[in-house]
Amino acid sequence: MVTTNRTINRALVSVYHKQGLEALASAFRQAGTEVVSTGSTAKKLQDLGVQVTPVEKVTGFPESLDGRVKTLDPHIHAGLLADMTNPDHVQQLKDLGIAPFDLVVVNLYPFEQTVLEGADADQCLERIDIGGPAMIRAAAKNHASVAVITDPDDYALAADRIASGTGFSLAERGRLAAKAFALTASYDAAIAEWTARTWVDDKQDKAEDQKPAQALTRTWRLASQLRYGENPHQKAALYLDPLDRDGFAAAEHLGGAKEMSYNNYVDADAAWRSVWDFPDLPAVAVVKHSNPCGLAVGEDTAQAHRRAHACDPMSAYGGVIAANRTVTLTMAQQIKPVFTEVIVAPSYEPEALDLLRTKKNLRILSVQRRPRQRPIIRQIDGGALVQTPDLIDAPGDDPSTWRLVSGNPADQATMDDLTFAWRAIRSVKSNAVLLANQGATVGIGMGQVNRVDSSHLAVERANTLDEGRNRAKGSVAASDAFFPFADGLEYLIQAGIRAVVQPGGSIRDPEVIKAAQDADLTMYLTGTRHFFH
(Lines give C-alpha, C1' and ligand atoms only; values in the text may rest on other atoms or scores of the structure.)
Protein backbone atom coordinates (compact mmCIF):
# COMPACT_ATOMS: atom_id res chain seq x y z
CA MET A 1 0.00 0.00 0.00
CA VAL A 2 1.39 3.39 -1.00
CA THR A 3 2.50 5.68 1.78
CA THR A 4 3.26 8.80 -0.26
CA ASN A 5 0.92 11.70 -0.89
CA ARG A 6 -1.33 11.54 -3.92
CA THR A 7 -2.07 14.78 -5.75
CA ILE A 8 -5.62 15.59 -6.81
CA ASN A 9 -5.89 15.52 -10.60
CA ARG A 10 -9.47 14.29 -10.93
CA ALA A 11 -12.38 14.70 -8.53
CA LEU A 12 -15.96 13.45 -8.33
CA VAL A 13 -18.36 15.79 -6.53
CA SER A 14 -22.01 14.92 -5.78
CA VAL A 15 -23.57 16.56 -2.74
CA TYR A 16 -27.10 17.23 -1.52
CA HIS A 17 -26.06 20.07 0.80
CA LYS A 18 -24.22 22.73 -1.23
CA GLN A 19 -23.01 24.89 1.66
CA GLY A 20 -19.27 25.48 1.72
CA LEU A 21 -18.52 24.49 -1.88
CA GLU A 22 -17.00 27.92 -2.55
CA ALA A 23 -13.71 26.91 -0.96
CA LEU A 24 -13.48 23.74 -3.03
CA ALA A 25 -14.46 25.58 -6.21
CA SER A 26 -11.67 28.12 -5.70
CA ALA A 27 -9.13 25.33 -5.21
CA PHE A 28 -10.37 23.43 -8.27
CA ARG A 29 -9.99 26.55 -10.43
CA GLN A 30 -6.53 27.30 -9.08
CA ALA A 31 -5.23 23.74 -9.54
CA GLY A 32 -6.99 23.04 -12.83
CA THR A 33 -8.54 19.90 -11.38
CA GLU A 34 -10.82 17.88 -13.66
CA VAL A 35 -14.20 17.78 -11.91
CA VAL A 36 -16.97 15.27 -12.66
CA SER A 37 -20.30 16.13 -11.10
CA THR A 38 -24.04 15.42 -11.07
CA GLY A 39 -27.21 17.44 -11.54
CA SER A 40 -27.63 20.39 -9.21
CA THR A 41 -24.12 19.99 -7.83
CA ALA A 42 -22.67 20.45 -11.32
CA LYS A 43 -24.77 23.60 -11.81
CA LYS A 44 -23.62 25.03 -8.47
CA LEU A 45 -19.96 24.41 -9.33
CA GLN A 46 -20.41 25.92 -12.79
CA ASP A 47 -21.98 29.00 -11.20
CA LEU A 48 -18.82 29.19 -9.07
CA GLY A 49 -16.64 29.21 -12.18
CA VAL A 50 -15.58 25.56 -12.25
CA GLN A 51 -15.39 23.73 -15.55
CA VAL A 52 -17.44 20.58 -14.94
CA THR A 53 -17.76 17.30 -16.82
CA PRO A 54 -21.36 16.03 -16.41
CA VAL A 55 -21.50 12.51 -15.06
CA GLU A 56 -23.59 11.29 -18.02
CA LYS A 57 -20.69 12.21 -20.33
CA VAL A 58 -18.52 9.79 -18.36
CA THR A 59 -21.07 6.99 -18.10
CA GLY A 60 -22.63 7.40 -21.54
CA PHE A 61 -26.00 6.98 -19.80
CA PRO A 62 -28.38 9.77 -18.81
CA GLU A 63 -29.52 10.40 -15.26
CA SER A 64 -32.76 8.42 -15.07
CA LEU A 65 -35.66 7.25 -12.92
CA ASP A 66 -36.16 10.67 -11.33
CA GLY A 67 -32.49 10.79 -10.34
CA ARG A 68 -32.41 7.35 -8.75
CA VAL A 69 -29.70 6.29 -11.21
CA LYS A 70 -26.82 8.70 -11.76
CA THR A 71 -23.49 7.25 -10.70
CA LEU A 72 -24.32 3.54 -10.47
CA ASP A 73 -22.11 2.70 -13.43
CA PRO A 74 -18.79 0.83 -13.98
CA HIS A 75 -17.23 3.93 -15.55
CA ILE A 76 -17.63 5.61 -12.16
CA HIS A 77 -16.98 2.75 -9.78
CA ALA A 78 -13.98 1.36 -11.65
CA GLY A 79 -12.43 4.82 -11.36
CA LEU A 80 -13.14 4.77 -7.61
CA LEU A 81 -12.04 1.22 -6.85
CA ALA A 82 -8.90 0.85 -8.95
CA ASP A 83 -5.87 0.37 -6.73
CA MET A 84 -3.34 2.61 -8.47
CA THR A 85 -0.48 0.81 -6.71
CA ASN A 86 -1.48 -2.38 -8.53
CA PRO A 87 -0.04 -2.42 -12.10
CA ASP A 88 -2.76 -4.83 -13.22
CA HIS A 89 -5.49 -2.41 -12.08
CA VAL A 90 -3.75 0.46 -13.84
CA GLN A 91 -3.53 -1.51 -17.08
CA GLN A 92 -7.17 -2.59 -16.90
CA LEU A 93 -8.29 1.03 -16.56
CA LYS A 94 -6.24 1.91 -19.66
CA ASP A 95 -7.75 -0.98 -21.60
CA LEU A 96 -11.26 0.08 -20.57
CA GLY A 97 -10.65 3.76 -21.28
CA ILE A 98 -11.53 4.76 -17.72
CA ALA A 99 -9.74 7.51 -15.80
CA PRO A 100 -9.19 7.08 -12.04
CA PHE A 101 -10.47 9.49 -9.39
CA ASP A 102 -8.20 10.96 -6.77
CA LEU A 103 -10.90 12.65 -4.69
CA VAL A 104 -14.59 12.02 -3.97
CA VAL A 105 -16.77 14.63 -2.27
CA VAL A 106 -20.19 13.30 -1.33
CA ASN A 107 -22.89 13.97 1.22
CA LEU A 108 -26.22 12.20 1.43
CA TYR A 109 -29.94 12.75 1.04
CA PRO A 110 -31.37 14.02 4.35
CA PHE A 111 -33.21 10.86 5.34
CA GLU A 112 -33.28 11.59 9.08
CA GLN A 113 -34.52 15.16 8.57
CA THR A 114 -37.28 13.87 6.31
CA VAL A 115 -38.44 11.44 9.01
CA LEU A 116 -38.37 14.17 11.67
CA GLU A 117 -40.47 16.44 9.47
CA GLY A 118 -43.25 13.88 9.59
CA ALA A 119 -43.08 12.81 5.95
CA ASP A 120 -45.04 9.76 4.89
CA ALA A 121 -43.40 6.43 4.18
CA ASP A 122 -43.12 6.98 0.42
CA GLN A 123 -41.39 10.33 0.90
CA CYS A 124 -39.00 8.81 3.43
CA LEU A 125 -38.15 6.00 1.04
CA GLU A 126 -37.26 8.52 -1.67
CA ARG A 127 -34.77 10.08 0.75
CA ILE A 128 -32.82 6.85 1.11
CA ASP A 129 -29.63 7.53 -0.78
CA ILE A 130 -28.28 4.67 -2.88
CA GLY A 131 -25.59 6.07 -5.15
CA GLY A 132 -24.04 8.29 -2.48
CA PRO A 133 -23.24 5.53 0.04
CA ALA A 134 -21.99 3.32 -2.79
CA MET A 135 -19.48 5.97 -3.89
CA ILE A 136 -18.44 6.72 -0.32
CA ARG A 137 -17.84 3.09 0.54
CA ALA A 138 -15.92 2.47 -2.69
CA ALA A 139 -13.63 5.43 -2.12
CA ALA A 140 -13.16 4.62 1.57
CA LYS A 141 -12.28 1.02 0.78
CA ASN A 142 -9.77 2.25 -1.79
CA HIS A 143 -8.35 5.04 0.37
CA ALA A 144 -4.84 3.93 -0.67
CA SER A 145 -5.62 5.68 -3.94
CA VAL A 146 -8.62 7.93 -3.28
CA ALA A 147 -9.40 10.59 -0.67
CA VAL A 148 -13.06 10.78 0.40
CA ILE A 149 -14.68 13.88 1.90
CA THR A 150 -18.10 13.51 3.52
CA ASP A 151 -18.06 16.34 6.06
CA PRO A 152 -18.21 20.01 5.00
CA ASP A 153 -15.94 20.73 7.98
CA ASP A 154 -13.20 19.02 5.95
CA TYR A 155 -13.65 21.21 2.85
CA ALA A 156 -10.98 23.66 4.04
CA LEU A 157 -8.48 20.80 4.44
CA ALA A 158 -9.35 19.48 0.99
CA ALA A 159 -9.07 22.95 -0.57
CA ASP A 160 -5.60 23.37 0.91
CA ARG A 161 -4.42 19.98 -0.32
CA ILE A 162 -5.82 20.64 -3.81
CA ALA A 163 -4.54 24.18 -4.25
CA SER A 164 -1.10 23.45 -2.80
CA GLY A 165 -0.66 20.39 -4.99
CA THR A 166 0.48 18.30 -2.05
CA GLY A 167 -2.55 16.02 -1.99
CA PHE A 168 -3.43 13.89 1.04
CA SER A 169 -1.08 11.64 2.95
CA LEU A 170 -2.02 8.02 3.50
CA ALA A 171 -2.71 8.75 7.18
CA GLU A 172 -5.06 11.58 6.21
CA ARG A 173 -6.82 9.39 3.68
CA GLY A 174 -7.21 6.68 6.31
CA ARG A 175 -8.77 9.09 8.82
CA LEU A 176 -11.14 10.43 6.17
CA ALA A 177 -12.07 6.87 5.18
CA ALA A 178 -12.83 5.95 8.80
CA LYS A 179 -15.07 9.00 9.03
CA ALA A 180 -16.79 8.01 5.80
CA PHE A 181 -17.47 4.45 6.97
CA ALA A 182 -18.88 5.83 10.22
CA LEU A 183 -21.23 8.04 8.19
CA THR A 184 -22.58 5.25 6.02
CA ALA A 185 -22.91 2.94 9.01
CA SER A 186 -24.93 5.49 10.99
CA TYR A 187 -26.99 6.38 7.90
CA ASP A 188 -27.92 2.74 7.38
CA ALA A 189 -28.57 2.28 11.10
CA ALA A 190 -31.08 5.15 11.05
CA ILE A 191 -32.82 3.57 8.07
CA ALA A 192 -32.87 0.19 9.80
CA GLU A 193 -34.38 1.72 12.94
CA TRP A 194 -37.02 3.57 10.93
CA THR A 195 -37.99 0.47 8.95
CA ALA A 196 -38.20 -1.57 12.16
CA ARG A 197 -40.67 0.98 13.55
CA THR A 198 -42.57 1.39 10.27
CA TRP A 199 -42.85 -2.14 8.91
CA VAL A 200 -44.27 -3.87 11.97
CA ASP A 201 -45.57 -7.41 11.86
CA ASP A 202 -49.24 -7.18 12.85
CA LYS A 203 -48.97 -10.67 14.31
CA GLN A 204 -46.33 -9.47 16.76
CA ASP A 205 -48.00 -6.36 18.12
CA LYS A 206 -47.95 -7.68 21.69
CA ALA A 207 -44.76 -7.47 23.69
CA GLU A 208 -44.92 -11.15 24.61
CA ASP A 209 -45.06 -12.07 20.91
CA GLN A 210 -42.10 -9.99 19.84
CA LYS A 211 -38.88 -11.82 19.17
CA PRO A 212 -35.43 -10.28 19.67
CA ALA A 213 -33.90 -8.87 16.50
CA GLN A 214 -31.10 -10.93 15.01
CA ALA A 215 -28.95 -7.80 14.92
CA LEU A 216 -29.39 -4.76 17.14
CA THR A 217 -28.68 -1.67 15.07
CA ARG A 218 -28.81 1.80 16.59
CA THR A 219 -27.07 5.08 15.96
CA TRP A 220 -26.66 8.29 17.92
CA ARG A 221 -25.15 11.63 16.91
CA LEU A 222 -22.74 13.63 19.05
CA ALA A 223 -24.60 16.59 20.53
CA SER A 224 -22.08 17.92 23.02
CA GLN A 225 -19.00 17.03 24.99
CA LEU A 226 -19.69 17.14 28.71
CA ARG A 227 -17.20 18.54 31.20
CA TYR A 228 -16.71 15.07 32.68
CA GLY A 229 -18.58 11.90 33.54
CA GLU A 230 -19.73 10.58 36.91
CA ASN A 231 -16.37 11.70 38.30
CA PRO A 232 -13.97 14.43 37.18
CA HIS A 233 -11.42 11.96 35.83
CA GLN A 234 -13.97 10.38 33.44
CA LYS A 235 -14.70 11.73 29.97
CA ALA A 236 -18.30 11.96 28.78
CA ALA A 237 -20.46 13.20 25.91
CA LEU A 238 -24.13 13.49 25.03
CA TYR A 239 -25.41 11.77 21.89
CA LEU A 240 -28.87 12.16 20.36
CA ASP A 241 -31.12 9.77 18.50
CA PRO A 242 -31.22 11.31 15.00
CA LEU A 243 -34.84 10.21 14.55
CA ASP A 244 -36.03 11.79 17.81
CA ARG A 245 -35.82 15.54 18.31
CA ASP A 246 -38.33 15.98 21.15
CA GLY A 247 -37.21 13.38 23.70
CA PHE A 248 -35.62 14.18 27.04
CA ALA A 249 -32.06 14.12 25.65
CA ALA A 250 -33.00 17.00 23.33
CA ALA A 251 -34.62 19.06 26.10
CA GLU A 252 -34.78 22.80 25.56
CA HIS A 253 -32.57 24.71 28.00
CA LEU A 254 -34.50 27.73 29.26
CA GLY A 255 -32.07 29.00 31.87
CA GLY A 256 -29.09 28.35 34.06
CA ALA A 257 -25.48 29.49 33.75
CA LYS A 258 -24.09 25.97 34.07
CA GLU A 259 -24.21 23.31 31.40
CA MET A 260 -25.83 19.97 32.19
CA SER A 261 -23.46 17.38 33.62
CA TYR A 262 -23.46 13.63 33.12
CA ASN A 263 -25.04 13.11 36.56
CA ASN A 264 -27.59 15.86 35.88
CA TYR A 265 -28.79 14.00 32.79
CA VAL A 266 -29.00 10.67 34.60
CA ASP A 267 -30.93 12.06 37.56
CA ALA A 268 -33.21 14.31 35.52
CA ASP A 269 -34.09 11.45 33.17
CA ALA A 270 -34.99 9.29 36.18
CA ALA A 271 -37.16 12.07 37.62
CA TRP A 272 -38.86 12.70 34.27
CA ARG A 273 -39.75 9.02 33.88
CA SER A 274 -41.02 8.85 37.47
CA VAL A 275 -43.66 11.56 37.14
CA TRP A 276 -45.11 10.02 33.99
CA ASP A 277 -46.14 6.92 35.93
CA PHE A 278 -48.97 9.26 37.02
CA PRO A 279 -50.18 10.71 33.69
CA ASP A 280 -53.69 11.51 34.92
CA LEU A 281 -52.65 13.72 37.85
CA PRO A 282 -50.18 16.56 38.48
CA ALA A 283 -47.10 14.79 39.82
CA VAL A 284 -43.71 15.95 41.08
CA ALA A 285 -40.59 13.92 41.80
CA VAL A 286 -37.50 15.00 43.69
CA VAL A 287 -34.59 12.74 42.73
CA LYS A 288 -31.07 12.28 44.08
CA HIS A 289 -28.59 9.76 42.67
CA SER A 290 -31.30 8.24 40.43
CA ASN A 291 -33.60 7.52 43.38
CA PRO A 292 -36.68 9.50 44.35
CA CYS A 293 -36.32 11.12 47.75
CA GLY A 294 -39.88 12.33 47.34
CA LEU A 295 -42.74 11.66 44.93
CA ALA A 296 -46.29 12.95 45.17
CA VAL A 297 -49.44 13.83 43.27
CA GLY A 298 -51.66 16.80 44.02
CA GLU A 299 -54.31 19.15 42.79
CA ASP A 300 -51.58 21.15 41.06
CA THR A 301 -47.81 21.03 40.76
CA ALA A 302 -47.29 23.37 43.71
CA GLN A 303 -49.17 21.06 46.07
CA ALA A 304 -47.48 17.98 44.60
CA HIS A 305 -44.07 19.62 45.07
CA ARG A 306 -44.73 20.57 48.69
CA ARG A 307 -45.67 17.01 49.51
CA ALA A 308 -42.80 15.45 47.56
CA HIS A 309 -40.25 17.78 49.16
CA ALA A 310 -41.63 17.06 52.63
CA CYS A 311 -40.82 13.35 52.29
CA ASP A 312 -37.08 14.01 52.69
CA PRO A 313 -36.12 17.71 52.80
CA MET A 314 -32.52 16.89 53.69
CA SER A 315 -31.91 14.76 50.60
CA ALA A 316 -33.74 17.26 48.38
CA TYR A 317 -30.75 19.60 48.79
CA GLY A 318 -28.84 19.47 45.49
CA GLY A 319 -31.48 17.29 43.90
CA VAL A 320 -33.39 17.27 40.64
CA ILE A 321 -37.07 18.12 40.32
CA ALA A 322 -39.48 16.96 37.60
CA ALA A 323 -43.12 17.86 37.07
CA ASN A 324 -45.55 16.43 34.53
CA ARG A 325 -47.59 19.64 34.36
CA THR A 326 -46.85 23.37 34.08
CA VAL A 327 -44.63 24.80 36.82
CA THR A 328 -46.60 27.58 38.47
CA LEU A 329 -45.33 30.70 40.18
CA THR A 330 -46.28 29.19 43.54
CA MET A 331 -44.19 26.09 42.83
CA ALA A 332 -41.28 28.25 41.70
CA GLN A 333 -41.49 30.26 44.94
CA GLN A 334 -41.26 27.00 46.90
CA ILE A 335 -38.21 25.88 44.92
CA LYS A 336 -36.30 29.17 45.12
CA PRO A 337 -34.94 28.77 48.70
CA VAL A 338 -33.76 25.19 48.05
CA PHE A 339 -30.49 24.47 46.26
CA THR A 340 -31.60 22.49 43.21
CA GLU A 341 -29.48 21.29 40.30
CA VAL A 342 -32.13 20.80 37.60
CA ILE A 343 -35.83 21.27 37.04
CA VAL A 344 -37.63 19.68 34.10
CA ALA A 345 -41.25 20.18 33.09
CA PRO A 346 -43.37 20.50 29.95
CA SER A 347 -43.85 24.26 30.47
CA TYR A 348 -43.55 27.13 32.92
CA GLU A 349 -45.72 30.11 33.78
CA PRO A 350 -43.86 33.23 32.58
CA GLU A 351 -43.59 34.59 36.13
CA ALA A 352 -42.33 31.22 37.36
CA LEU A 353 -39.66 31.13 34.66
CA ASP A 354 -38.52 34.65 35.47
CA LEU A 355 -38.17 33.73 39.15
CA LEU A 356 -36.33 30.47 38.50
CA ARG A 357 -33.89 32.23 36.18
CA THR A 358 -32.67 34.27 39.14
CA LYS A 359 -31.10 31.03 40.45
CA LYS A 360 -27.97 31.06 38.28
CA ASN A 361 -26.92 27.51 39.05
CA LEU A 362 -30.33 25.99 38.33
CA ARG A 363 -30.63 24.31 34.93
CA ILE A 364 -34.19 24.79 33.64
CA LEU A 365 -35.34 22.26 31.05
CA SER A 366 -38.49 21.99 28.98
CA VAL A 367 -39.58 18.70 27.41
CA GLN A 368 -42.85 18.60 25.52
CA ARG A 369 -43.26 14.86 25.13
CA ARG A 370 -43.70 12.25 27.81
CA PRO A 371 -41.03 9.52 27.79
CA ARG A 372 -41.24 7.22 24.79
CA GLN A 373 -41.02 3.57 25.70
CA ARG A 374 -38.05 2.05 23.89
CA PRO A 375 -36.03 -1.10 24.53
CA ILE A 376 -33.50 -0.65 27.32
CA ILE A 377 -29.91 -1.39 26.32
CA ARG A 378 -27.22 -1.99 28.92
CA GLN A 379 -23.67 -2.69 27.87
CA ILE A 380 -21.68 -5.41 29.54
CA ASP A 381 -18.14 -6.45 28.76
CA GLY A 382 -18.20 -7.91 25.27
CA GLY A 383 -21.91 -7.50 24.67
CA ALA A 384 -25.18 -5.91 25.62
CA LEU A 385 -28.36 -6.80 27.48
CA VAL A 386 -31.64 -5.65 25.98
CA GLN A 387 -35.05 -5.67 27.61
CA THR A 388 -38.43 -4.05 27.17
CA PRO A 389 -39.05 -1.18 29.61
CA ASP A 390 -40.65 -1.86 32.97
CA LEU A 391 -44.01 -0.12 32.76
CA ILE A 392 -47.00 -0.01 35.07
CA ASP A 393 -48.96 -2.09 32.59
CA ALA A 394 -48.45 -5.70 33.65
CA PRO A 395 -51.61 -7.68 34.55
CA GLY A 396 -50.70 -7.49 38.23
CA ASP A 397 -50.49 -3.70 38.12
CA ASP A 398 -54.26 -3.36 37.88
CA PRO A 399 -55.61 -3.11 41.45
CA SER A 400 -58.74 -5.01 40.41
CA THR A 401 -56.56 -8.09 39.90
CA TRP A 402 -54.86 -7.93 43.30
CA ARG A 403 -55.45 -10.84 45.67
CA LEU A 404 -56.45 -10.02 49.25
CA VAL A 405 -54.68 -12.52 51.53
CA SER A 406 -55.05 -10.84 54.91
CA GLY A 407 -57.27 -8.38 56.73
CA ASN A 408 -60.32 -6.51 55.49
CA PRO A 409 -60.67 -5.17 51.96
CA ALA A 410 -59.18 -1.70 51.73
CA ASP A 411 -61.52 1.27 51.74
CA GLN A 412 -61.28 3.65 48.79
CA ALA A 413 -58.79 6.01 50.43
CA THR A 414 -56.50 3.15 51.40
CA MET A 415 -56.79 1.55 47.97
CA ASP A 416 -55.89 4.88 46.36
CA ASP A 417 -52.78 5.08 48.54
CA LEU A 418 -51.83 1.48 47.79
CA THR A 419 -52.22 2.15 44.08
CA PHE A 420 -50.05 5.27 44.36
CA ALA A 421 -47.41 3.38 46.35
CA TRP A 422 -47.36 0.52 43.87
CA ARG A 423 -46.83 2.92 40.96
CA ALA A 424 -44.18 4.89 42.84
CA ILE A 425 -42.15 1.82 43.83
CA ARG A 426 -41.23 1.19 40.18
CA SER A 427 -38.92 4.22 40.26
CA VAL A 428 -36.99 3.13 43.36
CA LYS A 429 -33.78 1.12 43.14
CA SER A 430 -34.14 -2.41 44.51
CA ASN A 431 -34.40 -3.66 47.15
CA ALA A 432 -37.15 -1.12 47.69
CA VAL A 433 -39.79 -0.53 50.35
CA LEU A 434 -41.90 2.62 50.13
CA LEU A 435 -44.32 4.20 52.59
CA ALA A 436 -47.07 6.54 51.37
CA ASN A 437 -50.01 8.49 52.68
CA GLN A 438 -52.60 10.59 50.86
CA GLY A 439 -50.86 10.40 47.49
CA ALA A 440 -47.35 11.20 48.70
CA THR A 441 -44.30 9.25 49.78
CA VAL A 442 -43.43 9.62 53.46
CA GLY A 443 -40.50 7.20 53.69
CA ILE A 444 -38.39 5.37 51.11
CA GLY A 445 -35.91 2.58 51.65
CA MET A 446 -33.93 1.96 48.48
CA GLY A 447 -30.92 0.15 47.13
CA GLN A 448 -30.36 -2.12 50.12
CA VAL A 449 -28.96 -5.64 49.89
CA ASN A 450 -31.85 -7.08 51.90
CA ARG A 451 -35.49 -6.18 52.38
CA VAL A 452 -35.24 -5.88 56.17
CA ASP A 453 -32.76 -3.01 55.81
CA SER A 454 -35.04 -1.36 53.24
CA SER A 455 -37.97 -1.64 55.67
CA HIS A 456 -35.90 -0.12 58.50
CA LEU A 457 -34.70 2.71 56.24
CA ALA A 458 -38.22 3.53 55.03
CA VAL A 459 -39.55 3.72 58.58
CA GLU A 460 -36.55 5.65 59.87
CA ARG A 461 -36.91 8.28 57.16
CA ALA A 462 -40.65 8.51 57.73
CA ASN A 463 -40.18 9.10 61.45
CA THR A 464 -37.07 11.31 61.63
CA LEU A 465 -37.18 13.66 58.66
CA ASP A 466 -40.22 15.77 59.51
CA GLU A 467 -39.65 17.22 62.98
CA GLY A 468 -39.93 13.81 64.61
CA ARG A 469 -43.48 13.08 63.50
CA ASN A 470 -44.33 9.39 63.34
CA ARG A 471 -45.32 9.40 59.69
CA ALA A 472 -44.96 5.63 59.32
CA LYS A 473 -47.98 5.07 61.55
CA GLY A 474 -51.11 5.00 59.43
CA SER A 475 -49.22 4.92 56.10
CA VAL A 476 -49.39 2.17 53.51
CA ALA A 477 -46.37 0.19 52.31
CA ALA A 478 -45.30 -1.21 48.97
CA SER A 479 -42.47 -3.66 48.35
CA ASP A 480 -41.04 -4.03 44.84
CA ALA A 481 -40.56 -7.79 45.33
CA PHE A 482 -41.76 -10.42 47.76
CA PHE A 483 -40.78 -10.53 51.41
CA PRO A 484 -38.47 -13.56 51.60
CA PHE A 485 -39.08 -13.80 55.35
CA ALA A 486 -41.66 -12.32 57.68
CA ASP A 487 -39.12 -10.10 59.49
CA GLY A 488 -39.29 -7.14 57.12
CA LEU A 489 -43.08 -7.11 57.16
CA GLU A 490 -43.14 -7.52 60.95
CA TYR A 491 -41.00 -4.40 61.32
CA LEU A 492 -43.46 -2.44 59.16
CA ILE A 493 -46.34 -3.76 61.26
CA GLN A 494 -44.60 -2.63 64.43
CA ALA A 495 -44.23 0.83 62.85
CA GLY A 496 -48.00 1.02 62.46
CA ILE A 497 -48.67 0.72 58.73
CA ARG A 498 -52.34 0.19 57.85
CA ALA A 499 -51.97 -1.85 54.64
CA VAL A 500 -49.35 -3.33 52.35
CA VAL A 501 -49.07 -4.35 48.71
CA GLN A 502 -46.37 -6.71 47.48
CA PRO A 503 -45.90 -9.23 44.66
CA GLY A 504 -45.86 -12.45 46.68
CA GLY A 505 -44.24 -15.55 45.24
CA SER A 506 -41.84 -16.46 48.03
CA ILE A 507 -41.61 -20.07 49.21
CA ARG A 508 -42.29 -18.53 52.63
CA ASP A 509 -45.43 -16.70 51.55
CA PRO A 510 -47.48 -18.70 54.11
CA GLU A 511 -45.20 -17.43 56.91
CA VAL A 512 -45.44 -13.83 55.66
CA ILE A 513 -49.22 -14.04 55.18
CA LYS A 514 -49.64 -15.47 58.68
CA ALA A 515 -47.71 -12.53 60.13
CA ALA A 516 -50.09 -10.16 58.36
CA GLN A 517 -53.13 -12.14 59.47
CA ASP A 518 -51.96 -12.23 63.10
CA ALA A 519 -51.77 -8.42 62.98
CA ASP A 520 -55.11 -8.16 61.13
CA LEU A 521 -53.24 -6.21 58.47
CA THR A 522 -54.76 -5.65 55.04
CA MET A 523 -52.34 -7.15 52.53
CA TYR A 524 -52.66 -7.59 48.78
CA LEU A 525 -50.50 -9.69 46.44
CA THR A 526 -50.03 -8.43 42.86
CA GLY A 527 -48.19 -11.33 41.24
CA THR A 528 -45.98 -8.75 39.49
CA ARG A 529 -42.47 -7.69 40.50
CA HIS A 530 -40.82 -4.32 39.79
CA PHE A 531 -37.09 -4.76 40.40
CA PHE A 532 -35.03 -1.75 39.31
CA HIS A 533 -31.31 -2.55 39.27
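Residues numbered from 1 in each chain as written. Predicted model: local features only at pLDDT ≥ 70, side-chain atom pairs only at ≥ 80, totals over all residues. Heavy atoms only, no water.

A. Representation of the sheet that holds strand E1 (residues 10–14). Here we have 5 strands laid out as an open sheet, ordered E3-E2-E1-E4-E5, and parallel in their pairing. Every other strand in the sheet has two partners, leaving strand E3 (52–54) and strand E5 (147–149) as the edge strands with one partner each. Averaged over all pairs of adjacent strands, the angle between strand axes in this sheet comes to 20°, irrespective of strand direction. This element, helix H1 (residues 21–31), spans E1, strand E2 (34–37) and strand E4 (103–106) of the sheet and lies at about 155° to E1. (Pairing = 2+ DSSP bridges. Helix = DSSP H or I, 4+ residues; strand = E, 2+ residues; numbered from the N terminus. Axes fitted to C-alpha atoms, helices over the stretch in contact; angles between N-to-C directions. Contact = heavy atoms within 4.5 Å.)

B. Representation of the pattern of salt bridges within the structure. Per the counting criterion, the structure on display carries 20 salt bridges. A salt bridge links Lys 44 to Glu 22; the nearest nitrogen and oxygen atoms lie 3.8 Å apart. Of the two residues, Lys 44 sits in helix H2 (residues 39–47) while Glu 22 sits in helix H1, which places them 22 residues apart along the sequence. Exposure remark for Glu 22: the relative accessible area of 41% places this residue in the partly exposed category. For Asp 417, the salt bridge identified is with Arg 498, shortest N-O distance 2.8 Å. Remark: Arg 498 occurs in the loop between helix H18 (487–495) and strand E20 (499–502) and Asp 417 occurs in helix H16 (residues 412–424); sequence separation between them is 81 residues. (Salt bridge = Lys/Arg side-chain N within 4 Å of Asp/Glu carboxyl O. Buried < 20%, exposed > 50% of the residue type's maximum accessible area, 1.4 Å probe, protein only.)

C. Focus on the nonpolar core. With 46 residues, the main nonpolar core has Phe 248, Leu 418 and Leu 434 as its most contacted residues. Among all residues touching Leu 434, those that are not within four sequence positions of it are Ala 421, Ala 424, Ile 425, Val 428, Thr 441, Gly 443, Ile 444, Val 476, Ala 477 and Ala 478. Counting 27 residues, the second-largest nonpolar core is a separate cluster that includes Val 58, Ile 76, Leu 108 and Ala 140. (Core = buried A, V, L, I, M, F, W, Y, C linked by side-chain atoms within 4.5 Å.)

D. Structural context of the packing of aromatic side chains. Inspection of the entire model under this criterion finds 9 aromatic pairs. On the basis of an interplanar angle of 80° and a centroid distance of 5.7 Å, the ring pair of Trp 272 and Trp 276 is categorised as edge-to-face. Overall, the relative accessible area of 1% leaves Trp 272 in the buried class. Classification of Trp 276 as buried rests on a relative accessible area of 15%. Site record: aromatic cluster; members linked through ring pairs are Phe 111, Tyr 187, Trp 194 and Trp 199. When the ring centre of Phe 101 is taken as origin, the NZ or CZ atom of Arg 10, which lies over that ring, is 4.2 Å away. Residue placement shows Lys 18 over the ring face of Tyr 16; its charged tip is 5.9 Å from the ring centre. (Phe/Tyr/Trp six-rings, centres within 6.5 Å; stacked < 30°, edge-to-face > 60°. Lys NZ or Arg CZ within 6 Å of the ring centre and 35° of its normal.)

E. Representation of the environment of Gly 229. Among the structural elements, Gly 229 can be located in the loop between strand E6 (221–226) and strand E7 (236–240). Under the relative-accessibility criterion, Gly 229 is labelled buried at 4%. For the pair Gly 229 and Tyr 262, spaced 33 residues apart in sequence, the C-alpha separation works out to 5.2 Å. Filtering out sequence-adjacent residues up to four positions away, Gly 229 remains in contact with Gln 234, Lys 235, Ala 236, Tyr 262 and Asn 263.

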